[in-house]
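Secondary and tertiary structure notes
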Amino acid sequence: MTMDIEIWKRALRQHGWIAAAAGIFGLVFALLMSRKGGTYFAESQVLLVNPTAGQFQAINDTAHLSVRTEDLPALAQSTSVVSNLARAIHFNGRLSALRPRIRVRVAEGSSMMPITFSAANEREAVAGANALADALTSYDRKVTTSRFDRLVDDLRGQIRRSSRTLADLDHQIASITAEHPLLSGPKDGGAPLTSRIIDLEGKRDDANALLQGDQEVANGLAALINSTRPLANEELSDSDQVYSQLKAQYAADAAHLAFIQKQYSGRYPGLPELLHQQRNEIAQLNRRRAKAISRSPLFSKTYSGIYTQKAGADAKVASDQAVITAYNQRLHEQQQQLLSSTGESTGLAELRREHDAEDAAYALLANRLTSAIADRSEAASLGSIAVIDRADTASRATWSTSKLIAFAGFLCALFIGLGIAYLLEAYSGRLDGPEKIIKLYGAPVYATVGK
Amino acid sequence: MISKSDREQFAFLAFHVFFRYSTKPIVAVTSALTGDGRGYVGAGLARALAMSGRSTVLIEVSGNSETGMTTLQTYSVNPSFDSMRMEDRAVADARETRLALREINARFDVLVIVLDDLFSTSMNLELLSVSSCVVVTVAMGRRADQADLRLRDFLTALEKPIAAVVPTLKSVQSMTLPALTEATPLGASRTMPTRIAALAQSRPGS
């Protein structure tokens, strides 16, 4: 110990200037660095929360955290976080220059973690503190959600593949339907043509039913015409004026005869004449009636009306028959096309079945992806770090802080200089102390002379 | 002139040397390199021993490479009076050296022998072998030399304990250097008595 003190004394005597120079250098360097390191300090407050207990509930047991509390300062200095910070504040320098400006303090038993960032101006300090808190939170959530990320990525990959398969199937279906337009349809490849045929058959059946109805109407009208013939004869005879006059004459004569017969007995002399005249009138009336009804029945209003109706019904029947004929022709054509496109129809049906299956698979994957993203969001929302107080102002470094830094730098450099001086003295080959001489000769030194 | 602090240092050194070794010790003062102040230390030690009440003789060894003879210049150190130069003895071999030392040792309590450069003459080795202990002087501030290691190893091989190592500062080195490096007996006889007289003058009360 005594020897060490002697070495120290000689080191200070011989090499004290080294320690002094180192101290001055350290002082100047620390002053420069304290200036260069930023004069504004901004602080964000981060709360360590318990993800198993819900949002913003302070932790009691750090074992629940995805990142250990004592690792957070190191995490804040990690390349991942610092690079995010550099990106956020548009820092283009080396990351190692950014690290000294970051300070994260974790107190034992405290859920609060202040994050401090220093910069040359207030705006950058505030932005840096907030960006650092965000980067830490983001990293923590990244750690929390990392197990979902792979699942989400895998599902997205499967969805992309399924989407490509669907697009390919759509393309193939479009190609086939472009070549065979009659096969186009939403689902089954043969369905459009078949449905057309069925549709035509239905229409034809409708037309047949209509024809039958119209035919019955026509038949009814025909029967009505036949039954209307006597009425038409009456109308024809009634419409004849001569017949009407004869009929009126006959009625008058018949009335007169009836009166005579009522007033007189059968022996009335004029009675035979009257009876003869009546028979003549009847014969004349019948002849005139026969002549009147020998005309076309269309002169009868009733008959002509019914006849007109029957003609319309016949026209409808003919029209129905024409429609049915047209339907039959189209049905024949469609059936021929159906027979000729059986191969393409089957392929298209297969493609559409594949499309449906792929579509279902796509929907399933989409559901799974949605669930995975929701789970990840839930996990992210339950992260173990939450920013509760963002920095909005920065405090300027006080002169006392700079002085403290400078003093610390001075002390460090001074100690280093003293160490260098001690080493120079202790390991120099000069015999400039009793201890070295004792060590060299292995004998005691009782006296030093020449003082 | 020996300063007051040096006198205290020599007294302390003499105390250790005298009481640690034999009652009539033969103390050899040597150094690894020339100019390490062994003459000054030898004179100072001899004076301190004399002041403690022992009859002390200081012997300075000077070798002559031309003649091959070694001269033992002896001085009777008396702290109360000026030191007296005694007769010089020229020795040619180990036997003569031993005889001369035996004769001197019979008359004095303590012999302080200031050796010449260690390996310059074989008499140095003979004197070392008969000495009770060795005091090594080292010039403070010079670099450690291979000669230091050779001296240490040589003394270890001779089983001669180093009683003490005396670091000497530069002022003393410059003062003693001419006196001990002068190879001629005349030069030595001129300087040593002067220094011993100076030592006597510097004693307390003188």
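Rules used in this analysis
- Residues numbered from 1 in each chain as written.
- Chains lettered and ligands numbered in written order.
- Predicted model: local features only at pLDDT ≥ 70, side-chain atom pairs only at ≥ 80, totals over all residues.
- Heavy atoms only, no water.
- 1 Å grid on protein atoms, 1.4 Å probe; cavity = no way out; pocket = protein on both sides within 12 Å on 5 of 7 lines; lining within 4 Å.
- Points joined across faces, edges and corners; volume = space filled by probe spheres on them.
- Helix = DSSP H or I, 4+ residues; strand = E, 2+ residues; numbered from the N terminus.
- Nonpolar A, V, L, I, M, F, W, Y, C, P; charged D, E, K, R; others polar.
- Axes fitted to C-alpha atoms, helices over the stretch in contact; angles between N-to-C directions.
- Parallel < 35°, antiparallel > 145°, perpendicular 65-115°, else oblique.
- Left-handed = near helix turned anticlockwise from the far one by under 90°.
- Contact = heavy atoms within 4.5 Å.
- Expected span 1.5 Å × (residues − 1).
- Buried < 20%, exposed > 50% of the residue type's maximum accessible area, 1.4 Å probe, protein only.

This part is about empty space enclosed by the protein. Residues and elements named next belong to chain A. One pass over the full model with this rule turns up three cavities of 30 Å³ or more. In this model, the second largest cavity occupies a volume close to 40 Å³. If you trace the second largest cavity, you find it lined by Asp253, Leu257, Leu274, Gln277 and Gln278. Elements supplying a minimum of two residues to the lining of the second largest cavity: helix H7 (241-263) and helix H8 (271-293). In terms of residue count, the dominant contributor to the lining of the second largest cavity is H8 (three residues). Its residues placed into classes, the lining of the second largest cavity shows two nonpolar, two polar and one charged.

It is worth spelling out the packing of H7(A) against H8(A) at this point. Residues and elements named next belong to chain A. Viewed as axis vectors pointing N to C, H7 and H8 meet at an angle of 155°, and their least axial separation amounts to 9 Å. One finds that H7 runs roughly antiparallel with respect to H8. The element H7 and its partner H8 pack so that their crossing is left-handed. Here H7 contributes Val242, Tyr243, Leu246, Lys247, Gln249, Tyr250, Asp253, Ala254, His256, Leu257, Ile260 and Gln261 to the contact with H8, which in turn contributes Leu271, Leu274, Leu275, Gln277, Gln278, Glu281, Ile282, Gln284, Leu285, Arg288 and Arg289. Counted by class, the contact of H7 with H8 contains 12 nonpolar, six polar and five charged residues.

With that settled, the discussion passes to helix H2 (residues 38-51) of chain B. Residue and element names in this part refer to chain B. Taking 1.5 Å as the rise per residue, H2 with 14 residues should run 20 Å; its terminal C-alpha atoms sit 20 Å apart, in good agreement. A large share of H2 lies buried, amounting to 13 of its 14 residues. Directly after H2, the chain includes Gly53, whose backbone phi takes a positive value near 100°.

Bringing helix H9 (residues 301-340) of chain A into the picture now. Here H9(A) spans 58 Å end to end across 40 residues, near enough to the 58 Å set by a 1.5 Å rise per residue. When H9(A) is considered as a whole, its buried residues turn out to be A:Tyr303, A:Ile306, A:Lys310, A:Ala313, A:Val317, A:Asp320, A:Ile324, A:Tyr327, A:Leu331 and A:Gln334.

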